[in-house]
Amino acid sequence: MAVVSSPDPTPSRSAASLARGVTATGWYIATSMAFFLVGTLFVWGVVVLFARGGWRAPVTLIGFPLLSAIVVAATVVLLVRYRRDGDLDDADRPSWRRRFLSVPVIAGVVSSMILGAVAESALLGASLVGATLCVVRWGPGIRWRGVVLLEAGLVVLWFLELARPTPESDAFLLAFFAIMLPATQALSLWSWDVVLQLDSARRTEARLAAVQERLRLASDLHDLQGHHLQVIALQLELAERMIARDPDAAADQIRLARNSVDEAREGTRALAGQFRGVPLPDELANAADLLRAAGLDVELDVEPDAADAPADVLGPVVRECTTNVLKHGGGRWARLGLRRADDTWVLTVANDPGPGSAVGAGAGLEGIARRIGGVGGDVTHTRDDERFEVFVTVPSGGDAR
Amino acid sequence: MIRVLIADDEDMIRTALAALLALEDDVEIVAECRDGESAVERALELRPDVCLLDLEMPGIDGVEAASRIRQRIPARCVVVTRHARPGVLRRALSAGVDGFIPKSRRAEDVAAVIRDVAAGRRYVDPEIAADALSDERSPLTDRELDVLRAGARGETIAEIAASLHLSPGTVRNHVSSVLGKLGLATRQQATITARERGWI
């Protein structure tokens, strides 16, 4: 028979930390882009407002910081959109028209132009317009071509501005920032795209692993079913041969064949069951959902750290109690609780007793009590006309797990 | 006598089950149907005590048939299934189904369930309940599920936005967050996943 290894839990943990890493890289890139933009505007602001005495004109004094703030805000909004649209497939992204004729793009571009005029520098205006447009999502290969053209244009503008009689001392620094800005933004976005692509490759890999796991399961299942079918076929053949001569022996063979069918079913369930198993709080929440669907008024009271409770011991109890409530309960209300008291976990399941459920309600409890007794726990129940309640206590020590 | 209607599109299973149940002293098979619509029709006509409905049938499924029958007549309904997909038991219970059993149960057990249900009790098979309880919980919020549901038939972002009275940007935010949570690449994959797990 095929040996079945249980699925390895480590990939999901490293996947979670990788996902966090991708998110952190995204934040780092976005922050550095915003920071470079703010830095450029700050350097220009200091020179324009103070070194060149712009603070004396109210238009410059108010206009420069205000317009700078608009440009930065527009860039931040566009960065958020850029990240979000990076997740979506093409059909779900905004149309081209929507992408460019949107409030942040228009506000950013117009403010950049006016800012250039206020600072009396076409170089700054063009650089900011370019940096804003950079953050819009372009088609493949368009952005870097545009940036190369833009950079060439910015260098030309710089030479034109050099020809003008302005204070020479600060001109190079300003030009350096203005020319570098669009290029850095474009490079940052490019690296961000690369990270996202790597991340999507990682997700694909994770899905592939899941598919391989399923294929393995399918092959195990094939072996298991094949074996049982062969046994059943032989048992039935034997029964067919014997039925005329020895009907009793034939009936025995048929009974054996039926047992083989049950074995095959149980084996199949066990095989599929390895991929199941959810944390106890989820199991309780599912139970509450089911009971609500059955029309009961359900109250769920679960300790926040209930995931630490021994799920392999309490899980079957939750299942048994939930089916009991469905089968034998009065159908009005139920209350599920899982609380930690000192060093024990207490599971309580209470409901209104159904008509004539005196025998049924306790039916599955012996099985539960045996299981719980095995790990040093305890099962009690109380019952009156209004309320049937089961208390299950298990030690929270490590041995229960 | 408990009058029983059986609906199952697999002829071999239906006839074998009907023959085995007819051997029970207190069960009478009043009708055998091959799909959900005819089961509803025959049930309204014959008013059986218990309807034994296969979950997977062409046209309307067993749960839907049960809910239509229950709306009109007080027949008790038992749904039989080969493989209970997540969420089905929840749907069946809210449709007012009284019994839910896997197909692998022996006919004598099915007869016992029919008796139980006819006597006014509810029967949920432990295996199916265990499966339902070990369902993976949806990591998505109600709003995100709304977005997937509204876009389940290939609607565009703009159409989803219009039907939910949200802005397209908000819808995109939800979609992006859904894809991030599920680790998937497209909205279509997310919709398929959510449907397979019974979240929508």
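Residues numbered from 1 in each chain as written. Chains lettered and ligands numbered in written order. Predicted model: local features only at pLDDT ≥ 70, side-chain atom pairs only at ≥ 80, totals over all residues.

## Points about the interface of chain A and chain B
Size of an interface: often given as the accessible area lost when the parts come together.
Then, in step 1: Each partner contributes to the interface: chain A provides 28 residues, whereas chain B provides 29 residues.
Then, in step 2: Among the elements of the structure, α2 (58-87), α7 (171-242), α9 (280-293) and α10 (311-328) of chain A are those that each provide at least two residues to the side of chain A that touches chain B.
Then, in step 3: Per-element accounting of the side of chain A that touches chain B gives the leading share, eight residues, to α9 of chain A. (Contact = placed C-beta atoms within 7 Å. Helix = DSSP H or I, 4+ residues; strand = E, 2+ residues; numbered from the N terminus.)

## Considering helix α2 (residues 36-46) of chain B
All names here are of chain B.
Then, in step 1: Buried within α2 we find Gly-36, Ala-39, Val-40 and Ala-43. Within α2, the buried residues cover an arc of 100° as seen down the axis, which keeps them to one side.
Then, in step 2: Looking at the buried side of α2, the elements it contacts are β1 (2-7), β2 (27-33), β3 (50-54) and α3 (62-72).
Then, in step 3: Where α2 ends, the next residue or the one after it, Arg-47, has phi of about 45°, a positive value. (Buried ≥ 20, exposed ≤ 12 C-beta atoms within 10 Å, placed from the backbone. Arc of directions from axis to C-beta.)

## Digging into the packing of α2 of chain A against helix α9 (residues 168-182) of chain B
Then, in step 1: Orientation of α2 of chain A relative to α9 of chain B, taken along the N-to-C sense of each, is 55°, at an axis distance of 8 Å. One way to sum up the angle between α2 of chain A and α9 of chain B is to call them oblique. Remark: the crossing between α2 of chain A and α9 of chain B carries left-handed chirality. Packed against α2 of chain A, whose contacting residues are Arg-84, Asp-85 and Asp-87 of chain A, the element α9 of chain B presents Arg-172, Asn-173, Ser-176, Leu-179 and Gly-180 of chain B at the interface.
Then, in step 2: Its residues assigned to classes, the contact of α2 of chain A with α9 of chain B shows one nonpolar, three polar and four charged. (Axes fitted to C-alpha atoms, helices over the stretch in contact; angles between N-to-C directions. Parallel < 35°, antiparallel > 145°, perpendicular 65-115°, else oblique. Left-handed = near helix turned anticlockwise from the far one by under 90°. Nonpolar A, V, L, I, M, F, W, Y, C, P; charged D, E, K, R; others polar.)

## Details of the pairing of strand β4 (residues 76-81) of chain B
All names here are of chain B.
Then, in step 1: Within β4, six of the six residues are buried, which leaves the element mostly enclosed by the surrounding structure.
Then, in step 2: Taking every second residue as pointing to the same face, both faces of β4 are buried, with Arg-76, Val-78 and Val-80 on one and Cys-77, Val-79 and Thr-81 on the other.
Then, in step 3: One ladder, built from five bridges, connects β3 with β4; its direction is parallel. Bridging across to β4, Cys-51 finds its partner in Cys-77.
Then, in step 4: Once you follow β3 into α3 and on to β4, the crossover reads as right-handed.
Then, in step 5: Pairing of β4 with strand β5 (residues 99-102) involves four bridges; the strand directions are parallel. Bridging across to β5, Val-79 finds its partner in Phe-100.
Then, in step 6: The parallel pair β4 and β5 is bridged by helix α4 (residues 88-94), and the resulting crossover is right-handed. (Pairing = 2+ DSSP bridges. Right-handed = clockwise from strand over helix to strand, strands pointing away.)

## Thoughts on the domain arrangement of chain A
Then, in step 1: According to the domain assignment, chain A contains domain 1 (10-204), domain 2 (208-273) and domain 3 (280-400).
Then, in step 2: The straight-line distance from the C-alpha centre of domain 1 of chain A to that of domain 3 of chain A is 59 Å. (Domains from an automatic or database assignment.)

## Observations regarding α9 of chain B
Then, in step 1: Here α9 of chain B contains 15 residues, and its C-alpha end-to-end distance of 21 Å stays within 8% of the 21 Å for a straight helix at 1.5 Å per residue.
Then, in step 2: For α9 of chain B, the full list of buried residues reads Val-171, Arg-172, His-174, Val-175, Val-178 and Leu-179 of chain B. Down the axis of α9 of chain B, the buried set is contained in an arc of 160°. They therefore lie on one face.
Then, in step 3: For α9 of chain B, the elements touching its buried residues are α2 of chain A together with α7 (142-150), α8 (157-164) and α10 (187-196) of chain B.
Then, in step 4: After α9 of chain B finishes, the residue Gly-183 of chain B shows a positive phi value of roughly 65°. (Expected span 1.5 Å × (residues − 1).)

## Considerations on the sheet that holds strand β6 (residues 123-124) of chain B
Then, in step 1: The strand order across the open sheet built from six strands is β2-β1-β3-β4-β5-β6 (chain B), with neighbouring strands paired in parallel fashion. Strands at the two margins of the open sheet, each flanked by one partner only, are β2 and β6 of chain B.

## Focus on the sheet that holds strand β4 (residues 378-383) of chain A
Each strand in a sheet pairs with another by means of backbone hydrogen bonds, the pair being arranged parallel or else antiparallel.
Residue and element names in this part refer to chain A.
Then, in step 1: A sheet is described by the order of its strands in space; here five strands give the open sequence β1-β2-β3-β5-β4, paired in mixed fashion. Each edge of the sheet is formed by a strand with only one pairing partner; in this case those strands are β1 (297-302) and β4. Neighbour-to-neighbour, the strand axes of this sheet turn through a mean angle of 10°, independent of strand direction.
Then, in step 2: Strands in contact with α10 are β2 (329-341), β3 (344-353) and β5 (388-395); relative to β3, the strand with the most contacts, it is inclined by about 10°.

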